[in-house]
Every structure is written in structure tokens, then in C-alpha cells.
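# Commentary on secondary and tertiary structure
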Amino acid sequence: QEFYEGGVTEADVNSHDANDKRSLYCIDILVSPGKEDSLYSILRQYLNNYLPVQARPGKKLIPVYVLKQKPGTTPALTPSSAETSSMGFSGRGYTGTKVLLKDFAADYLSNELGLPVVDETGLAGYYDIKTNVEQRDHAGILKSIDALGLVVEKSEREMPVITYYKK
């Protein structure tokens, strides 16, 4: 989730003109052998010194959906015996092999429902998951996960966020 402070707008962060050579950057960072772990902090410091918009990671209480088991039912999830993991989705649903429910929630449901989705099903392990979406809208997505024996409830949770600001 992204937040904007101090006059920074979404356009300041996400808009750029690839034809404007003044807005393009190329950075080479060399680190000493054995100091490879410091690359990210060096890059962040460099960017904060030279770019007009700064970024600060943090945590914040924000609206989310919580994925839970549907009360009174046993989830219709198939434990996976696959060797490798894969997933994909389109307007017709989701197909995943050897998938964790937290990844199904974060990757697919968060994308489709427009808010972060937090897995609180209490189900561990890998599953083969397939949803069928007849109508790609909020109700259609909810219907497809209901068929799995799962539901989402709107709530608030402390989540990782990034805040953009100007010096």
C-alpha cells in the first residue's frame, strides 16, 4: 500500500516520460567483496540524496480483507503432491499448483478485490487451488471463493506500507 505526504502525488511517483532523457537514471553501484548485503542500503541512501521524491517503509493500520474458513464447512481444498509450484489467473479465475493460502490471498485475491487480503484461515501446507469466476466483479470473486469453503471479511490490520514524501 502506498501513501503520499507533503504534496507528493501518485503522478509524481508513477508517471514518467521515457522520451524525456532528463527523467531517466542509470546507476552503477560497486560494493566490496563480502559487503554485498549492504547494496540495498547504499542504493536507498543514493536515491534519497538525488531524487526529488523520497520513500519511507513503515507499518500502518489500514483496511484489509481477512480470508477465513467459511463457518460450518470444511474447505474444498486439495492438498498438493506436486513437485513444483505454479499459478496463474485471468478474468475467468485462478489456477494454482502447490500454493500456500497466504500467497493465494496476497497475489490473487488482493489484486481482484482491490485491498490487501490477509490469510487467517489457519490452514498450513500447500494446495492445488482452482476457482471459476462467471462474472469478474466483486460478487463473482466472492462466489468463487465461497465454492472453496472460504470467505473474506472486511477489517483493519497493521500492514507494511510505503510513504512517499519530499525533502
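Structure's up top.
Figured I'd write up the structure that's included with this text. (Residues numbered from 1 in each chain as written. Predicted model: local features only at pLDDT ≥ 70, side-chain atom pairs only at ≥ 80, totals over all residues. Heavy atoms only, no water.)

A few words on the overall build of the chain. When helices and strands are counted, the chain shows four helices and eight strands. Starting at the N terminus, the α and β elements of the chain follow one another as β-α-α-β-β-β-β-α-β-β-α-β. Taken over C-alpha atoms, the radius of gyration comes to 20 Å for the chain, far larger than the 15 Å a tight globule of 167 residues would show. When the backbone C-alpha atoms are referred to their principal axes, the chain occupies close to 55 × 40 × 35 Å. Here the chain, with 167 residues, has 26% of them falling under the buried criterion. For the chain, contacts bridging at least 24 residues in sequence account for 74% of all contacts bridging at least 6. Summed over its atoms, the accessible surface of the chain is roughly 11100 Å², and 50% of this surface lies on carbon and sulfur atoms. Separation of charge centres in the chain, based on 19 positive and 22 negative side chains, amounts to 2 Å. (Helix = DSSP H or I, 4+ residues; strand = E, 2+ residues; numbered from the N terminus. Rg over C-alpha atoms; globule rule 2.2 N^0.38 Å. Buried < 20%, exposed > 50% of the residue type's maximum accessible area, 1.4 Å probe, protein only. Contact = heavy atoms within 4.5 Å. Areas by Shrake-Rupley, 256 points an atom, 1.4 Å probe, with all protein chains shown as cover. Lys, Arg positive; Asp, Glu negative; His and termini not counted. Charge placed at Lys NZ, Arg CZ, Asp CG, Glu CD.)

Put simply, helix 3 (residues 101-113) and helix 4 (residues 138-146) touch, their axes get as near as 9 Å, and they point 150° apart. Our classification of the angle between helix 3 and helix 4 gives roughly antiparallel. Facing helix 3, whose interface residues are Phe104, Tyr108, Leu109, Glu112 and Leu113, helix 4 presents His138, Ile141, Leu142 and Ile145. Across the contact of helix 3 with helix 4, the residue classes break down as seven nonpolar, one polar and one charged. (Axes fitted to C-alpha atoms, helices over the stretch in contact; angles between N-to-C directions. Parallel < 35°, antiparallel > 145°, perpendicular 65-115°, else oblique. Nonpolar A, V, L, I, M, F, W, Y, C, P; charged D, E, K, R; others polar.)

Taken in spatial order, the four strands make up an open sheet running 3-7-5-4, and their pairing is antiparallel. Lying at the two open borders of the sheet, with one neighbouring strand each, are strand 3 (78-79) and strand 4 (86-90). Note that strand 4 and strand 5 (residues 93-99) share five bridges and pair antiparallel. Considered in strand 5, the bridge of Ser86 is made with Thr97. Docked against the sheet, helix 3 engages strand 4, strand 5 and strand 7 (127-130), running at close to 160° with respect to strand 5. (Pairing = 2+ DSSP bridges.)

The two faces of strand 7 differ: Tyr127 and Ile129 on one face are buried, but Asp128 and Lys130 on the other face are not. Strand direction decides the pairing type here: strand 3 and strand 7, joined by two bridges, are antiparallel. Along strand 7, the bridge assignment pairs Thr78 with Asp128. When strand 5 meets strand 7, the two strands line up antiparallel, connected through three bridges. Within the sheet, the bridge partner assigned to Thr95 lies in strand 7 and is Lys130.

This paragraph deals with the sheet that holds strand 6 (residues 117-119). Taken together, the four strands give an open sheet; going across it, the order is 1-8-2-6, and neighbouring strands pair in mixed fashion. Two strands bound the open sheet, and with one partner strand each, they are strand 1 (2-4) and strand 6. Ignoring which end each strand starts from, the neighbouring axes of this sheet average 35° apart. Two strands pair when backbone bridges link them, and strand 2 (residues 53-69) and strand 8 (residues 150-166) are joined in this way by 17 bridges, in the antiparallel orientation. Bridge pairing in strand 8 links Arg56 to Thr163. Helix-sheet contacts for helix 3 involve strand 2, strand 6 and strand 8, and the interaxial angle to strand 6 is about 160°.

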